[in-house]
Amino acid sequence: MGEYGWINDPNGFIQYRGRYHLFYQHYPYGPVWGPMHWGHAVSEDLVTWSYLPVALAPDRAYDQDGCFSGSAIEKDGRLYLLYTGHVLTGSGPDEYRQTQNVACSDEGFVFAKLPVNPVIDIAQIPPNASKQDFRDPKVFQSGAHYYLVIGSNDCRRDGQVLLYRSPDLLNWEFVNVLAKGEGRLGSNWECPDLFRLGGRDVLLVSAQHVGGDALHNLHSAVALTGKADLAKGVFETDDFQALDDGFDFYAPQTTLDDKGRRLVVAWMDMWESAEPTRTWGHHWAGAMTLPREMILKDGRLCFKPIREIEKYRRNPSAWHDVGLDGEIELETGGDSYELQVTFEAGTAVEFGLKLRANETEETVLAYDRAQKMFRLNRDRSGRGPKGERRSAADLADNRLELRIFVDRCSVEVFIGEGVKVMTARIYPGRRATRVKLFSKGPCTVRSLRKWDIVTRTIG
Ligand code: FRU
C-alpha cells in the first residue's frame with residue numbers, strides 16, 4: 001500500500017496505545033472524490049506514517065454512498081470511531097440523508113460497525129436544522145458524559161453546530177443548537193471540533209460559502225473562542241479568527257496528546273479549486289498539513305509546527321547579518337526544507353523570499369511595510385492554482401521572523417512565532433529549486449538557517 005487514490009479530511013485523529021492514529025476521507029480506486037472510505041495510518045512521531053488497511057468502507061444500507069468524516073475515542077481500552085453514513089435518496093443535489101454511526105476495534109486495526117447503527121438517525125435532528133446536512137461528528141468526554149458536536153445549517157441560511165450527549169457512545173440525546181453563524185460565517189458548517197485551550201473554549205468549524213471580507217477563502221476553517229456551557233448546550237462566542245490565512249487548509253481536526261499538546265491537522269487543499277494532481281497519472285491526490293500545536297496567547301490562537309519534525313533536519317546551513325538591497329540567490333536550494341529567517345526591516349519598503357524558483361517560476365513571500373501585510377503569491381508557482389493571499393502582520397522590534405516549510409507541492413509559513421500561518425499548494429517544475437532573498441530598499445537578514453527535511457513514508 002503506497003500512495004494511491006484520493007484523500008480529503010483528516011478523521012479520527014487520536015493517540016491510542018502510544019501511537020498516533022490518523023484516519024482520512026479516502027477513495028481507494030483513483031485520484032478523485034468518490035464513495036468515501038476511511039483510510040488509516042499510524043505514526044510514532046507525527047512525521048513518518050505507516051499505512052494500514054482501509055478502516056471503513058461504504059457497505060451498509062446506512063452508509064452505502066459514503067463513510068463521511070468523523071472522529072475517534074478510546075473507551076474501556078477499545079477504539080471507537082464515530083462517523084457519518086451518507087446515503088443518496090435521488091439524483092438531485094439535495095437528495096441525500098446523513099446519520100451518525102459507530103464502529104469499534106479491540107486493538108485499533110480492524111473495525112466492526114455496530115449492529116445498533118445508526119446511533120443518531122434523522123428523526124433526532126431538531127426541527128430548526130437541515131435534514132440533509134448532518135455530518136462530521138466529533139466526540140469528546142466531559143464528566144460522566146460523552147458529547148458529539150455535529151455540523152449542520154438552519155436550512156441553508158446559516159451554518160450551525162448541534163450538540164448531542166450520551167452515557168455510553170450508543171444512546172444519544174439532542175442537547176441544543178450549540179452555536180450559529182449569525183449570518184456572517186457561511187451557509188453550512190462542516191467538521192466541528194470543541195475543546196478547552198488556555199482557559200477558554202474553542203469551537204472549530206469549516207464554514208462553506210463564506211462571503212464578505214472576514215475570511216479569504218470561499219470555504220474557510222474558522223476558530224470561535226468563547227465559553228461553552230455543555231449542560232445548556234450554549235457556546236458564547238467572543239471572537240473568531242481564520243485558522244490559516246493561506247489557500248489550502250480545510251476540515252481541520254484536533255486531538256490532545258499525552259504531552260498535553262492540542263494538535264491540529266488539516267486537509268491541505270480546498271474544495272472548488274484546481275487540483276492538477278488528479279490528471280498527472282500519479283494515481284493519487286491530496287495531502288495533510290504538517291501537524292501543528294495550538295496555543296492560546298493573549299486571547300488569540302497561535303500555531304507551532306510539531307517539534308518532532310526537527311529530527312528530520314539534514315544538511316544545515318546558516319547566515320548572519322547580511323545586508324540586502326535588491327535580490328540575492330542562496331547557494332543552497334531544494335524542494336523539501338525548513339527555513340528560519342529573521343529580517344530586520346531597515347528602511348526597506350518591501351522584503352521577502354522567492355522559493356521554488358527557476359527562470360520562469362517562483363513562489364513569493366513578501367512583507368509590505370506600508371500596508372503591514374504579509375503576502376503569499378503563487379501566480380508563478382507552476383502548473384497549479386494561482387492567486388495571492390494577504391495576512392495582516394505587525395513587525396516586532398522592527399523584525400519579521402518566519403519559519404517556512406517547503407515540500408514538493410506545498411509551502412507552510414509560520415509568521416512571527418505562529419500568530420499567523422499561511423498554507424498553499426504549489427506545483428513548480430522539478431528544477432525550480434532556487435531560493436532568493438529580496439528587498440526594495442535596504443534591510444538586514446539578521447539570521448537565516450536552513451535544513452533539508454528528509455522523511456520517509458513506510459508503505
Ligand atoms: C468536508 C466534507 C465533510 C464530509 C466530507 C466528505 O471537506 O465535505 O463535511 O464529511 O468532506 O468527504
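Residues numbered from 1 in each chain as written. Predicted model: local features only at pLDDT ≥ 70, side-chain atom pairs only at ≥ 80, totals over all residues. Heavy atoms only, no water.

### Observations concerning the sheet that holds strand β17 (residues 250–256)
Here is step 1 of the chain: Taken in spatial order, the four strands make up an open sheet running β17-β18-β20-β21, and their pairing is antiparallel. Since the sheet does not close on itself, it has two edges, and those belong to β17 and β21 (300–305), each with one partner. Strand-to-strand, the axes of this sheet are offset by a mean angle of 40°, without reference to chain direction.
Here is step 2 of the chain: Pairing of β17 with strand β18 (residues 262–267) involves five bridges; the strand directions are antiparallel. (Pairing = 2+ DSSP bridges. Helix = DSSP H or I, 4+ residues; strand = E, 2+ residues; numbered from the N terminus. Axes fitted to C-alpha atoms, helices over the stretch in contact; angles between N-to-C directions.)

### Details of the side chain of Asp-269
Here is step 1 of the chain: With respect to the secondary-structure elements, Asp-269 resides in the loop between β18 and β19 (284–285).
Here is step 2 of the chain: Those residues in contact with Asp-269 that lie beyond four places of it in its chain are Asp-248, Phe-249, Tyr-250, Glu-275 and Arg-425. (Contact = heavy atoms within 4.5 Å.)

### A short note on the domain arrangement of the protein
Here is step 1 of the chain: As far as domains go, the protein holds domain 1 (5–305) and domain 2 (308–453).
Here is step 2 of the chain: Once you take the C-alpha centre of each, domain 1 and domain 2 turn out to be 31 Å apart.
Here is step 3 of the chain: Each partner contributes to the interface: domain 1 provides 32 residues, whereas domain 2 provides 30 residues.
Here is step 4 of the chain: Interface area for domain 1 against domain 2, summed over the two sides, is near 2600 Å², with a carbon-plus-sulfur share of 56%.
Here is step 5 of the chain: When the buried area of domain 1 at its contact with domain 2 is split by residue, Asp-245, Phe-247 and Pro-305 rank highest and sum to 25% of it.
Here is step 6 of the chain: At the level of elements, β20 (292–297) and β21 are the ones that each hand at least two residues to the side of domain 1 that touches domain 2.
Here is step 7 of the chain: Looking at the side of domain 1 that touches domain 2 element by element, the count peaks at five residues for β21.
Here is step 8 of the chain: In the side of domain 1 that touches domain 2, the residues fall into 15 nonpolar, seven polar and ten charged. (Domains from an automatic or database assignment. Buried area = accessible area lost by both parts, 1.4 Å probe. Nonpolar A, V, L, I, M, F, W, Y, C, P; charged D, E, K, R; others polar.)

### Structural notes on the site of the ligand
Here is step 1 of the chain: Lining the immediate surroundings of the ligand are Asn-8, Asp-9, Gln-25, Trp-33, Met-36, Phe-68, Ser-69, Arg-135, Asp-136, Glu-190, Tyr-250 and Trp-271.
Here is step 2 of the chain: Between the ligand and Asn-8 there is a distance of 3.1 Å, counted from an oxygen atom to a side-chain nitrogen or oxygen.
Here is step 3 of the chain: One of the side-chain N or O atoms of Trp-33 is found 3.0 Å from an oxygen atom in the ligand.
Here is step 4 of the chain: Across the complex, the protein chains shield 95% of the 320 Å² of accessible surface that the ligand would expose by itself.
Here is step 5 of the chain: Taken together, the elements giving at least two residues each to the shell around the ligand come down to β1 (5–16), β5 (67–75) and β9 (135–142). (Near = heavy atom within 4 Å. Polar contact = N/O pair within 3.5 Å; in protein donor to acceptor, adjacent residues only side chain to side chain. Areas by Shrake-Rupley, 256 points an atom, 1.4 Å probe, with all protein chains shown as cover.)

### Brief notes about the pattern of salt bridges
Here is step 1 of the chain: Going through the model one piece at a time under the given rule, you end up with 45 salt bridges.
Here is step 2 of the chain: Asp-258 is paired through a salt bridge with Lys-259; the nearest N and O atoms lie 3.8 Å apart.
Here is step 3 of the chain: Classification of Lys-259 by relative accessible area gives partly exposed; the value is 46%.
Here is step 4 of the chain: Salt bridges sharing partners connect three or more residues here, namely Glu-327, Lys-354, Glu-362, Arg-380 and Lys-436. (Salt bridge = Lys/Arg side-chain N within 4 Å of Asp/Glu carboxyl O. Buried < 20%, exposed > 50% of the residue type's maximum accessible area, 1.4 Å probe, protein only.)

### Comments concerning the sheet that holds strand β3 (residues 37–43)
Here is step 1 of the chain: Overall, mixed pairing links the five strands, which are arranged β4-β3-β2-β1-β19 in an open sheet. In this open sheet, the two edge strands, each paired with only one partner strand, are β4 (49–56) and β19.

### As for the environment of Gly-159
Here is step 1 of the chain: Its place among the elements puts Gly-159 in strand β11 (residues 159–166).
Here is step 2 of the chain: Residue classification places Gly-159 among the buried positions, given a relative accessible area of 0%.
Here is step 3 of the chain: Taking C-alpha positions, Gly-159 is 8.0 Å from Gln-208, a pair spaced 49 residues apart along the chain.
Here is step 4 of the chain: With near-sequence residues (within four places) excluded, Gly-159 lies in contact with Ser-152, Asn-153, Ala-179, Lys-180, Gly-181, Gly-186, Ser-187, Asn-188 and Trp-189.

### Re the environment of Leu-230
Here is step 1 of the chain: The residue Leu-230 is located in the loop between β15 (220–229) and β16 (234–242) in this model.
Here is step 2 of the chain: Among the residues examined, Leu-230 registers a relative accessible area of 16% and is labelled buried.
Here is step 3 of the chain: Excluding its chain neighbours within four sequence positions, the residues that come into contact with Leu-230 are Phe-140, Ser-142, Tyr-147, Leu-163, Arg-165, Val-175 and Leu-194.

### Quick notes on the confidence of the model for the protein
Here is step 1 of the chain: Residue-level pLDDT values for the protein average 95, and 98% of them are 70 or greater.
Here is step 2 of the chain: For the protein, β19 is the element with the lowest average pLDDT, namely 90, and β5 is the one with the highest, namely 99. (pLDDT = per-residue confidence, 0-100.)

### Quick notes on the side chain of Ser-71
Here is step 1 of the chain: On the secondary structure map, Ser-71 appears in strand β5.
Here is step 2 of the chain: Separated by 2.8 Å, the side chain of Ser-71 and the backbone oxygen of Pro-137 make a polar contact.

### Considerations on the packing of aromatic side chains
Here is step 1 of the chain: In the structure shown here, the tally under the stated rule is 14 aromatic pairs.
Here is step 2 of the chain: Measuring from ring centre to ring centre gives 5.9 Å for Trp-6 and Trp-267, while their planes differ by 65°; the resulting arrangement is edge-to-face. Of the two residues, Trp-6 sits in strand β1 while Trp-267 sits in strand β18, which places them 261 residues apart along the sequence. The pair Trp-6 / Trp-267 is uniform in exposure class, with both members buried.
Here is step 3 of the chain: Ring plane angle 40° and centroid distance 5.0 Å describe the contact between Phe-343 and Phe-351, whose orientation is recorded as tilted.
Here is step 4 of the chain: Judged by its relative accessible area of 1%, Phe-351 falls in the buried class.
Here is step 5 of the chain: Across from the ring centre of Trp-451, 3.8 Å away, lies the NZ or CZ of Arg-313, which sits over that ring. (Phe/Tyr/Trp six-rings, centres within 6.5 Å; stacked < 30°, edge-to-face > 60°. Lys NZ or Arg CZ within 6 Å of the ring centre and 35° of its normal.)

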